[in-house]
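# Structure at a glance
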Amino acid sequence: MSRKSSDRLRIGLLAPLVTPIPPPAYAGTERIVAVLAAGLHERGHQVTLYAAGDSDVPCKLVSVLPRSLWADGFTGDGRQLTPLVLAAAWRDADQFDVLHSHLDSTGFLFARHCSRPVLTTLHNRLDTEGMPLLLSEFSDVPLVAISDNQRRWSPEANWVATIHHGTATRDSVFSEKPGDYLALVGRMTWEKGIEEAIELARRTGIPLKIAGKAHEPDEQAMLEQAVQPAVADGVAEFVGELQPNERDVLIAGALATVMLGAWPEPFGLVAIESMAAGTPVIARRAGGLTETVQHGQTGFLVDDLIEAQAAVERVADLDREAIRQYALKKFSPELMIDRYESVYRALLNGDAPDRGD
């Protein structure tokens, strides 16, 4: 898309430091930052990314650390080191028209006092860890939600938009034929529905292939206590943390992708990637998944394992080509970038926030 030079913006993107941009394997936020950085750059904007030095992006990169934290054996979410990103961006702030933080609440003070407009996309659930209090205090900070469900507990926060993630492209691996296994992709933690997926595999007799991260102590515990016994019983196969192309092949070859965690996913990136591959999603009727999965068309939204079993019985009848086309239309990078461009310009013009009316 060609644009006049007067349309170009100077944009600073602030990313977490745990993985490179784009991430080599498991990550959610970092994948969205990668899509934004590349897409905005392609549209002619002057984009600068503040991230780990082992990132590989077409735009300008400010290396906050030489290597990403997980690459150096660091554990945890790296939140305690995000002030390094903020300090670097603060130093350069006057060079930008707008800055876009993906550091969640750790960037709120920066956003309040920065000399340039700062947009914050919130990637996590907002009803825990003091977030309602923080959102109330920082009511001046412009915010983007990744689903309407995510923002519902703080409706009076300074929301300027809800923007669904967009990663579905025609480059996605596609299979028009249903596979003979169920797929699960995610961290090895209880909220991702690992145990429920294993039980579904036991009840239906359809094997489960699990791809996921198991670095942290709680993830290792889940792997040892739930996954490994299921592998020993022949119910499941654990394939570890896959590269993006390997993960896509796994999903495309499945009968369905299962997302049965009881927690309210703020968005659920795996769901749109599964649908882009033509593979329907069987998901708990909770969180942002209620806005992405079309019940009875692109998958099924269920309340318990009994309904999940019923979904497995019907899922092969769904039109995988139609599922893919839905994802490509609704969750494309182009659509997501269009919306962020509009929000950047609205901030610069001083337009009113989106109250969801």
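Notes on the structure in this doc start here.

### A closer look at the packing of aromatic side chains
Tallied over the full model, the rule gives 6 aromatic pairs. The interplanar angle of 75° and the centroid separation of 6.1 Å between the aromatic rings of Tyr50 and Phe96 together place this pair among those described as edge-to-face. A residue pair is termed long-range when its members are at least 10 positions apart, and Tyr50 in strand 2 (residues 46-52) and Phe96 in the loop between helix 2 (82-92) and strand 4 (98-101) qualify at 46 residues. Neither residue differs from the other here; Tyr50 and Phe96 are each classed as buried.

### Some points on the pattern of salt bridges
Throughout the structure, instances matching the rule amount to 18 salt bridges. For Asp92, the salt bridge goes to Arg91, with nearest N and O atoms at 3.0 Å. A relative accessible area of 11% means that Asp92 is categorised as buried. One continuous salt-bridge network, built from bridges that share partners, spans Arg43, Asp338 and Glu341.

### What to know about the sheet that holds strand 4
If you walk across this open sheet you meet the 7 strands as 3-2-1-4-5-6-7, and the pairing is parallel. Unpaired on one side and paired on the other, strand 3 (60-65) and strand 7 (159-162) mark the two borders of the sheet. Going from strand to strand, the sheet's axes swing by 20° on average, the running direction of each strand aside. Examined bridge by bridge, strand 1 (residues 10-14) and strand 2 share 5 bridges and lie parallel to one another. Counterpart to Arg10 in the pairing with strand 2 is Gln46. Along the sheet, helix 2 makes contact with strand 1, strand 2, strand 3 and strand 4, crossing strand 3 at roughly 135°.

### Looking at the pairing of strand 12 (residues 281-284)
Where strand 11 (residues 256-259) lies against strand 12, 3 bridges are found, and the strand directions are parallel. Bridging from a neighbouring strand, Met259 pairs with Ala283 of strand 12. Here 4 bridges tie strand 12 to strand 13 (residues 299-302), and the two strands are oriented parallel to one another. Note on strand 13: the bridge partner recorded for Ile282 is Phe300.

### Focus on the sheet that holds strand 12
Taken in spatial order, the 6 strands make up an open sheet running 10-9-8-11-12-13, and their pairing is parallel. Here the strands that pair on one side only, and so sit at the sheet edges, are strand 10 (236-240) and strand 13. On average, adjacent strands in this sheet sit at an angle of 20° to one another, irrespective of strand direction. Here strand 9 (residues 208-211) runs beside strand 10; their pairing, made up of 4 bridges, is parallel. Within strand 10, the residue paired with Ala211 across the bridge is Gly240. Across the sheet, helix 6 (residues 194-204) lies against strand 8 (182-185), strand 9, strand 11 and strand 12, angled at about 160° from strand 9, the strand it touches most.

### Observations regarding the layout of surface pockets
Counted as a void, the second largest pocket has a volume near 770 Å³. Arg31, Val35, Thr167, Thr169 and Pro333 are the residues nearest the centre of the second largest pocket, which is lined by 30 residues in total. Secondary-structure elements contributing two or more residues to the lining of the second largest pocket are helix 1 (29-42), helix 8 (244-252), helix 9 (269-276) and helix 13 (333-349). For the lining of the second largest pocket, the element with the most residues is helix 1, which contributes 6 residues. Within the lining of the second largest pocket, the residues separate by chemical class into 16 nonpolar, 5 polar and 9 charged.

Reading the values: rules and limits
Residues numbered from 1 in each chain as written. Predicted model: local features only at pLDDT ≥ 70, side-chain atom pairs only at ≥ 80, totals over all residues. Heavy atoms only, no water. Phe/Tyr/Trp six-rings, centres within 6.5 Å; stacked < 30°, edge-to-face > 60°. Helix = DSSP H or I, 4+ residues; strand = E, 2+ residues; numbered from the N terminus. Buried < 20%, exposed > 50% of the residue type's maximum accessible area, 1.4 Å probe, protein only. Salt bridge = Lys/Arg side-chain N within 4 Å of Asp/Glu carboxyl O. Pairing = 2+ DSSP bridges. Axes fitted to C-alpha atoms, helices over the stretch in contact; angles between N-to-C directions. Contact = heavy atoms within 4.5 Å. 1 Å grid on protein atoms, 1.4 Å probe; cavity = no way out; pocket = protein on both sides within 12 Å on 5 of 7 lines; lining within 4 Å. Points joined across faces, edges and corners; volume = space filled by probe spheres on them. Nonpolar A, V, L, I, M, F, W, Y, C, P; charged D, E, K, R; others polar.

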